[in-house]
Amino acid sequence: MKQSILIFLAFLRFYSYGQQQTILRQEINIDSLYKAIQIKAIGKPFSPFYANYENKVFTNENLKGKTVFINFWFATCAPCLAEFDDLNKLYDSLKSNKKFEFISFTFETPKVIKEICKKYKIHYKVISLNVDVCERLNRNASYPTSLIIDANGIIKFFRMGGSTKKEEVKKVIFTEYYPKIVAEL
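### Brief notes about the state of the cysteines
In step 1: Summed over the entire model, instances satisfying the criterion amount to one disulfide.
In step 2: Note on cysteine connectivity: C77 is disulfide-linked to C80, with sulfurs 2.3 Å apart. The disulfide joining C77 to C80 has a torsion of about 75 degrees about its S-S bond and is therefore right-handed.
In step 3: In this structure C77 comes out as buried when scored by relative accessible area, which is 6%.

This is how it looks when you write it as structure tokens:
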């Protein structure tokens, strides 16, 4: 009986230790994966795309010469929704600059986009793309994803994920995004 209990306790200890290591490895792998996506994106051309917004076509080619901020989101993503107010402020502060373009991509339907834009008073362009195209363009990253593309079509900044805390969101948008966009203009 004692031997059975000792074997059971040894097994339990081994199993528990193995679980903790697995969780730690997963966290390290996720962080490493995010860093790898960012490293592979920055300095590379933004993937070719074609999008239509209110009968105006957007492509890599017709955006050359502009600094472009691109944001990817979807309707049930809490960090995505948390960004809308400050992204509006970012857009409003730069929209008069002819060398700046702000585009938001989502795989949501036009009906959902209209509802979200009304609810959150979104001022910038929100374009619906096929989910596969969104995933390709944001390099299969998490949501939200934000990029800054320079006038030559090269990715200069790439950030994925976000917070739902108002102060953290505001800090990221106005101490990371805004200065990087202005530096590219």
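### Some thoughts on the sheet that holds strand β4 (residues 100-106)
Pairing between the strands of a sheet is mediated by backbone hydrogen bonds and can be parallel or antiparallel.
In step 1: Within the open sheet, the five strands sit side by side as β5-β4-β3-β6-β7. Their pairing is mixed. Each edge of the open sheet carries a strand with a single partner, namely β5 (125-128) and β7 (155-160). Sheet twist, expressed as the mean angle between neighbouring strand axes with direction ignored, is 20 degrees.
In step 2: Where β4 and β5 come together, four bridges link them in parallel fashion.

### A closer look at the packing of aromatic side chains
In step 1: Applying the stated criterion to the full structure yields 16 aromatic pairs.
In step 2: With centroids separated by 4.9 Å and ring planes inclined at 50 degrees, the aromatic side chains of F69 and F102 adopt a geometry described as tilted. Residue F69 is located in strand β3 (residues 67-73), and its partner F102 is located in strand β4; the two are separated by 33 residues in the primary sequence.
In step 3: A relative accessible area of 0% means that F69 is categorised as buried.
In step 4: The exposure class assigned to F102 is buried, which follows from its relative accessible area of 1%.
In step 5: Both rings, one in F74 and one in F107, keep their centres 5.5 Å apart while their planes meet at 25 degrees; by these two values the pair is stacked. Taken together, the residues span a long stretch of sequence, with F74 in the loop between β3 and α3 (78-94) and F107 in the loop between β4 and α4 (110-120) at a distance of 33 residues.
In step 6: Aromatic rings pair up to connect F69, Y91, F100, F102, Y124, F157 and Y177 into one cluster.

### Regarding unusual backbone geometry
In step 1: Note that the residue after Y143, namely P144, is joined by a cis bond; omega there is -5 degrees.
In step 2: Phi is positive for N55, which is not a glycine, with a value near 65 degrees.
In step 3: Here N55 shows up in the loop between β1 (50-53) and β2 (56-59).
In step 4: Exposure remark for N55: the relative accessible area of 76% places this residue in the exposed category.

### Points about helix α6 (residues 166-184)
In step 1: Over its 19 residues, α6 runs 26 Å from end to end, which matches the ideal 27 Å to within 8%, given 1.5 Å per residue.
In step 2: Of the positions making up α6, those classed as buried are V169, V172, I173, Y177 and I181.

### Looking at α3
In step 1: Taking 1.5 Å as the rise per residue, α3 with 17 residues should run 24 Å; its terminal C-alpha atoms sit 25 Å apart, in good agreement.
In step 2: Within the sequence span of α3, burial applies to P79, C80, A82, E83, F84, D86, L87, N88, L90, Y91 and L94.
In step 3: Where α3 is buried, its residues touch β3, β4, α4 and α6.

### Quick word on the pattern of salt bridges
In step 1: Evaluation of the coordinates by the stated rule reveals eleven salt bridges.
In step 2: One salt bridge in this structure joins D150 and K156, with 3.8 Å as the shortest N-O distance.
In step 3: Note that K165 is salt-bridged to E168, the shortest N-O span being 4.0 Å.
In step 4: K165 sits in the exposed class, given a relative accessible area of 53%.
In step 5: Taking relative accessible area as the criterion, E168 reaches 42% and is therefore assigned partly exposed.

Reading the values: rules and limits
Residues numbered from 1 in each chain as written. Predicted model: local features only at pLDDT ≥ 70, side-chain atom pairs only at ≥ 80, totals over all residues. Heavy atoms only, no water. Disulfide = S-S within 2.5 Å. Buried < 20%, exposed > 50% of the residue type's maximum accessible area, 1.4 Å probe, protein only. Pairing = 2+ DSSP bridges. Helix = DSSP H or I, 4+ residues; strand = E, 2+ residues; numbered from the N terminus. Axes fitted to C-alpha atoms, helices over the stretch in contact; angles between N-to-C directions. Phe/Tyr/Trp six-rings, centres within 6.5 Å; stacked < 30°, edge-to-face > 60°. Expected span 1.5 Å × (residues − 1). Contact = heavy atoms within 4.5 Å. Salt bridge = Lys/Arg side-chain N within 4 Å of Asp/Glu carboxyl O.

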